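The chain contents come next:
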Amino acid sequence: MLSKIIDQTKIDHFTKWFERSESIVIVSHVSPDGDAIGSSLGLMHFLESQEKTVHVVVPNAFPDFLKWMPGAKEVVLYDRYKDFADRLITEADVIVCLDFNAIKRIEELGDVVLASKARKIMVDHHLHPESFCEIVISHPEISSTSELVFRLICRMGYFEDITLEGAECIYTGMMTDTGGFTYNSNNREIYFIISELLSKGIDKDDIYRKVYNTYSESRLRLMGYILSNMHVYKEHHAALISLSKEEQGKFDYIKGDSEGFVNIPLSIKDVCFTCFLREDTEKQMIKISLRSVGTFPCNKFAADFFNGGGHLNASGGEFCGTLEEARAVFEDGLERYKELLNA
Ligand code: 5GP
């Protein structure tokens, strides 16, 4: 049995909306990851099984290794189909905001979501949710939004209606946001949920292969290249890797190719904090990814130095400037956090 972590009043409130609505739009964050797409499509499959008209809208493209997911082709990319998405959002009865806590995380999509008269619900697991939704289901202690979507559907009384396709999407989100159940994954209820998803017929080993073992040759070569230039800060138990625009060009970089790279230096003995700096190809900025093991607060580091946020062990942010400047800010941060890094 699962603990009833979501407030009954919120379940009842959403159930009322759900029963009365016909058209539902699900939105998720920029550069959608496995949990953003997994939770969105997982919920989409369930709502479709209840004869609702459902659309998933995200700000921009998601990585190729998620494109096998059932329903992935139907996801509307806002940067390509703005007018269509604007109409869907404006005319929706309900908007479900999944896997983000702040309106800026959906970039330009935020304006039309805020302007829409639709009722809005947030289902998310990031700290400090903003209050742009009438119903806020926010549980930072839960490791993925996909898990929250599973819990929500079950608490509404519809476990039986979760389809194989929906179960595959939910499992993918749970798996990717825990690095294949290697972090944030000690809650035993996660494994109860997996067992329930297996009862729907998912092949978890096959999902793992589709997500983690379908990379291109150039991605593997890029990984080797980046690691050979890695900088380890022994005194700070930290490591840094980076990727410039020019290097991306050399390795035929496509979106998603560097997914997971930031975790690799954590496999070095005594390294508990890593940083990945990537020069963005679309905007003039450096995208920052931070990861830690144990109690080191990546989210605080991201907020202090890179205008970002996230979770204790996985966070991110942005930096306006050059790669060298971003590296200098990171090194300055390491010095300031030296005591904590050595704790
Ligand atoms: P990633 O390193 O995979 O891009 O991001 C890890 C986590 O950091 C995300 O799940 C999200 O919670 C957070 N994050 C990433 N980028 C940003 C950002 O620019 N701003 C904020 N507030 N959080 C971010």
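Quick notes on the rules
Residues numbered from 1 in each chain as written. Predicted model: local features only at pLDDT ≥ 70, side-chain atom pairs only at ≥ 80, totals over all residues. Heavy atoms only, no water. Helix = DSSP H or I, 4+ residues; strand = E, 2+ residues; numbered from the N terminus. Rg over C-alpha atoms; globule rule 2.2 N^0.38 Å. Contact = heavy atoms within 4.5 Å. Areas by Shrake-Rupley, 256 points an atom, 1.4 Å probe, with all protein chains shown as cover. Lys, Arg positive; Asp, Glu negative; His and termini not counted. Charge placed at Lys NZ, Arg CZ, Asp CG, Glu CD. UniProt positions renumbered as here; feature names shortened; annotations may be inferred. Near = heavy atom within 4 Å. Polar contact = N/O pair within 3.5 Å; in protein donor to acceptor, adjacent residues only side chain to side chain. Nonpolar A, V, L, I, M, F, W, Y, C, P; charged D, E, K, R; others polar. Pairing = 2+ DSSP bridges. Right-handed = clockwise from strand over helix to strand, strands pointing away. Salt bridge = Lys/Arg side-chain N within 4 Å of Asp/Glu carboxyl O. Buried < 20%, exposed > 50% of the residue type's maximum accessible area, 1.4 Å probe, protein only.

(A) Highlighting the overall build of the protein chain. Counting its regular elements, the protein chain contains 13 helices and 12 strands. Taking 20 Å as the expected radius of gyration for a compact globule of 343 residues, we find that the protein chain reaches 20 Å, a close match to that expectation. With respect to the three principal axes, the spread of C-alpha positions in the protein chain is 55 × 45 × 40 Å. In the protein chain, the proportion of contacts linking residues at least 24 apart, taken out of those at least 6 apart, comes to 67%. For the protein chain, the accessible surface area stands at approximately 15800 Å², while carbon and sulfur atoms represent 49% of it. Of the side-chain charges in the protein chain, 37 are positive and 53 negative, and the distance between the mean point of each set is 1 Å.

(B) Expanded view of the UniProt feature "domain: DHHA1" (unreviewed entry) in the protein chain. The UniProt feature table records "domain: DHHA1" (unreviewed entry) at residues 251–331. Segment residues 251–331 splits into 22% helix and 27% strand. End C-alpha atoms: 27 Å apart.

(C) Broad picture of the site of the ligand. Taken together, 13 residues surround the ligand, and among them His 126, Lys 287, Ser 289, Arg 291 and Gly 316 come closest. In the model, a nitrogen atom of the ligand is placed 3.2 Å from a nitrogen or oxygen of the Gly 309 main chain. Measuring from an oxygen atom of the ligand, one finds a backbone N or O atom of Gly 316 at 3.1 Å. Notes on the ligand: free accessible area 500 Å², of which the protein chains cover 80%. For the shell around the ligand, the elements supplying multiple residues, two or more each, are strand S10 (286–292), strand S11 (309–310) and strand S12 (314–319). The dominant element in the shell around the ligand, judged by the number of residues it contributes, is S12, at 4 residues. Class assignment for the residues of the shell around the ligand results in 1 nonpolar, 9 polar and 3 charged.

(D) Structural view of the pairing of strand S2 (residues 53–58). Examined bridge by bridge, strand S1 (residues 23–28) and S2 share 5 bridges and lie parallel to one another. Bridge pairing in S2 places Ser 23 opposite Thr 53. Crossover handedness for the path S1 to helix H2 (residues 34–49) to S2: right-handed. In the sheet, S2 pairs with strand S3 (residues 76–77) via 2 bridges, with the strands oriented parallel. Residue pairing in the sheet places Val 58 in a bridge with Leu 77 of S3.

(E) Molecular detail of the pattern of salt bridges. Counting across every chain of the model gives 14 salt bridges. Of the charged contacts, one joins Lys 283 and Glu 107 as a salt bridge, the two residues approaching to 2.9 Å between their closest N and O atoms. Of this pair, Lys 283 sits in the loop between strand S9 (273–279) and S10 while Glu 107 sits in the loop between strand S4 (94–98) and helix H4 (109–115), and the two are 176 residues apart along the sequence. Given a relative accessible area of 37%, Lys 283 falls into the partly exposed group. Judged by its relative accessible area of 25%, Glu 107 is partly exposed. We note a salt bridge from Asp 206 to Arg 209, for which the minimum N-O separation is 3.7 Å. Here Asp 206 and its partner Arg 209 are both found in helix H8 (residues 204–212), 3 residues apart, which amounts to about one turn of the helix. One salt-bridge network, held together by shared partners, links Glu 147, Arg 151 and Glu 189.

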